[in-house]
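Coordinate inspection notes
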Amino acid sequence: MTSGAATPILDLSGERTPVRVLLRDLWRHRDLVRMLAEQDYRSRYRSASLGLLWSIVLPLLQGLVIAVVFSRLIGGGQTGTYVPYVITGVTTFGFLSQSLTAAATSIVDSGAIAGRLYFPRLVLPTIAPSANLPSLVVSLLLAEVVVLVTGGGVHPQLLLAPVAVALAWALVVSAGALLTMLHVYSRDVRYLVQAGLLILFYATPIIYFLDAPAGVRSLPAGLVPFVLANPATGVVQLVRLALTGSAAHVGTAVAITCGWVAALTVVVLAVYARKERVACDRL
Amino acid sequence: MTGSDAITLTGVGKRYTQTEQRDDVLLRRLARLGRNRDRTERWALRDVDLRVAQGETIGVIGRNGSGKTTLLRLLSGVSGPTTGRVRVVGSIAPLIGIGVGFNNELTGRENVFTNGRLLGMSAAKVRRDYDSIVAFSEIEGFLDTPVKFYSSGMFLRLAFAVAIHTEPDVLVLDEILAVGDLAFQLKCMDRMREIQAAGTTIVIVTHNLHTLDRTAPRAVLLSRGQVVYDGPTEQAIGRMHEVMQQESRDRSDLALQEGGGATFLGGAEVRLDLVDDAGVRQRTFATGEPLVVRVEATFDEEVRDPLLGIMVAPVGLGSPAYSTFTVPGAYSAVHGPGRPLEAEVRLDNRLLAGGYTVTVALHDADGEVMVGTTPAESFYVSSFDVHASGLVDLKAAISIGGREVEAPSGSRLGGTPPT
């Protein structure tokens, strides 16, 4: 039997969960996030013989193809800077897109467990982004190799890489948490997320420059505010700053992304306080 | 903590809002925004008060849709009450659906850890109990094999082994833990008794009324979301059968009132006669003497391929002694006004002395809607010639030391014939 003061008490009145309880339960289950993320990670790559390699090679390949094709369209002779530019963008956006897609359906997808066992529902949208972290880190290391090979140098901004990874994680977790709850109530969310990501890809400076080097076409100035308002831009630019040593509008972009994360977090807590204990009634 | 309540429910109600399926489509939903939506509200539980003392074992019974599952979900914290308050003191392990959360791609070992944690064990406790879990599962050689290669028996054993090691303060069980071969079942039962003896509060939601009787001294009967009985298990089971009959009658009344489509709803008047082999009406039948139930049903509405069910229950003892029904598709005919149904059910009466009731019911082709039922008709069984007591004559042949020992015939151990 449980001894001493630590006797857990389940006390529910009404369908609301106070935010304090929500956060406390989440903290108590923090090891569950790690555990389920590990399980997700391992089970995903177990049956593929190349395993983790696939998740690194694919964005790298995608980045290279885009870089080679677009360097001819955007301006000749710029392949040297363009390749690392595109690869950092594609790798980062790949993480955001894959993690968000999985997180946005996480509650419904784990309905069999979630409908029968209680653990904070907020655990669920954190699993996929956490499970994708190892491949993001390895991909970024490879991207840094590409940067070095194409003539970039080692610079102190590299120390910002962990911050960039953390920001990417926080963005997909907060957005995913909101979307997955909406998904419980409307299954259209899955497709809206796919459509949204397709648009976001072009609203993020991945294949074009925000502030192009001389002689290269860059984004028309009128469109820059829209691209900066996109929360993915801050993440991508911060990753670029860390890996290549410079990124246009990085301060503004990161500040806007942080604003998005903060706003999403507030909304998520408000929504989960109301819906956490009843969302699974609908599964 | 001894003496206090482990579970306290005060005025608990749970309302589910069911929106029409099409509301899940966003466009429709947007189009209907601001207008009254097609919502049906259903109270799965209403005004439930329940106190369970620390260390007590109680059963929760009731037919499907009575609110059992909802109660279980509230107790395990999966869902929150719409009204009232749910309070559970101590750690809770809900064993609802064995093997839930197992990942097929992962090995048995990996699953033990994740599943244990999902069921509320700390990571340290899983590590501590790991050897014991493996020993209990009896599948030592396969722990590094992905679960997808397990036989269903191995899978269940491992899932059970984890579940049974949770050692919570409050254990919430969906159905009594019994699976696998007999030896494994006995092992599970032993373990249950250990858990009980250790002072764990146990709530069992079950259909298996016979096992419940032995496991839980107290049972709560739910009907239509309300507690209609709370007391000794035997009485609760008795009440359950009364309630079920009442609800069946209400349902057929409802069917009569609403009328409706041919097979979906319709009213039937069902009559039955109990006759002996020679076709003579009887009230008393001797053990071993055939019992024939003659059924005649007339219909107000057209009914297609009805299913016929029959239940024999001992008077005063809740559960039926026997029940069966015709298999869907085994019989095909359309009945309706002017086209009655006549049936004969011949029973090999192996019941022992006592009073019994027999009930016959007609269902629609899906077995879902009851079209008509008879009130329970009672009869008596005398067993003067049978040296046995109980419910059923299992015709024991006893040999001691290789020599057959005959029971003296004519003497009785139990049962009194009616006068």
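Just above, that's the structure.
This write-up is about the structure you can find in this document. Here the structure is a predicted model, which is why all the values come from computation and not from measurement.

1. Structural notes on the sheet that holds strand S17 (residues 341-347) of chain B
Residue and element names in this part refer to chain B. The strand order across the open sheet formed by three strands is S10-S12-S17, and the pairing between neighbours is antiparallel. Strands at the two margins of the open sheet, each flanked by one partner only, are strand S10 (268-275) and S17. Averaged over all pairs of adjacent strands, the angle between strand axes in this sheet comes to 20°, irrespective of strand direction. Here S10 pairs with strand S12 (residues 291-299) via eight bridges, running antiparallel. For Leu-274, the partnering residue across the bridge sits in S12 and is Val-293.

2. Concerning the interface of chain B and chain A
Taken together, the contact between chain B and chain A spans 51 residues of the former and 41 residues of the latter. Of the roughly 3800 Å² buried between chain B and chain A on both sides combined, carbon and sulfur atoms contribute 52%. A per-residue breakdown of the area chain B buries against chain A is headed by Val-78, Arg-117 and Leu-118 of chain B, which together make up 17% of the total. For the pair chain B and chain A, the number of links is six salt bridges.

3. Observations regarding the sheet that holds strand S7 (residues 201-205) of chain B
Strand pairing in a sheet takes place through backbone hydrogen bonds and is either antiparallel or parallel in direction. Residue and element names in this part refer to chain B. If you trace the six strands from one edge of the open sheet to the other, you get S5-S6-S7-S3-S8-S9, paired in mixed fashion. Both edges of this open sheet fall to strand S5 (92-95) and strand S9 (226-232), since each of them pairs with a single strand only. Strand-to-strand, the axes of this sheet are offset by a mean angle of 15°, without reference to chain direction. Looking at chain direction, strand S6 (residues 170-174) and S7 are connected through five bridges and run parallel. Bridging across to S7, Val-172 finds its partner in Val-203. Most of the contacts of helix H2 (residues 68-75) go to S6, to which it runs at about 150°, and overall it touches strand S3 (57-61), S5, S6, S7 and strand S8 (218-223).

4. Describing helix H7 (residues 123-131) of chain A
Within H7 of chain A, nine of the nine residues are buried, which leaves it mostly tucked inside the rest of the structure. Restricting attention to buried positions, one finds in H7 of chain A the residues Val-123, Leu-124, Pro-125, Thr-126, Ile-127, Ala-128, Pro-129, Ser-130 and Ala-131 of chain A.

5. Quick notes on the packing of helix H12 (residues 231-244) of chain A against helix H13 (residues 250-275) of chain A
All names here are of chain A. Between H12 and H13, the least distance of the axes is 7 Å, while the angle of their chain directions is 130°. The angle between H12 and H13 places the two elements in the oblique class. Crossing angle aside, the handedness with which H12 passes H13 is left-handed. Side by side, H12 and H13 meet where Pro-231, Thr-233, Gly-234, Val-235, Gln-237, Leu-238 and Leu-241 of the first sit next to Val-250, Ala-253, Val-254, Thr-257 and Trp-260 of the second. Residue classes in the contact of H12 with H13 are distributed as eight nonpolar, four polar and no charged.

6. With respect to the nonpolar core
Residue and element names in this part refer to chain A. Counting 118 residues, the largest nonpolar core has Leu-96 and Tyr-272 as its most contacted members. Here this core gets twelve residues from one element, more than from any other, and that element is helix H9 (residues 161-185). Dropping the residues within four chain positions of it, Leu-96 is found in contact with Ala-168, Leu-171, Val-172, Ala-232 and Val-235.

Thresholds applied
- Residues numbered from 1 in each chain as written.
- Chains lettered and ligands numbered in written order.
- Predicted model: local features only at pLDDT ≥ 70, side-chain atom pairs only at ≥ 80, totals over all residues.
- Heavy atoms only, no water.
- Pairing = 2+ DSSP bridges.
- Helix = DSSP H or I, 4+ residues; strand = E, 2+ residues; numbered from the N terminus.
- Axes fitted to C-alpha atoms, helices over the stretch in contact; angles between N-to-C directions.
- Contact = heavy atoms within 4.5 Å.
- Buried area = accessible area lost by both parts, 1.4 Å probe.
- Salt bridge = Lys/Arg side-chain N within 4 Å of Asp/Glu carboxyl O.
- Buried < 20%, exposed > 50% of the residue type's maximum accessible area, 1.4 Å probe, protein only.
- Parallel < 35°, antiparallel > 145°, perpendicular 65-115°, else oblique.
- Left-handed = near helix turned anticlockwise from the far one by under 90°.
- Nonpolar A, V, L, I, M, F, W, Y, C, P; charged D, E, K, R; others polar.
- Core = buried A, V, L, I, M, F, W, Y, C linked by side-chain atoms within 4.5 Å.

From the geometry alone we can't say anything about function, so treat these as descriptive.
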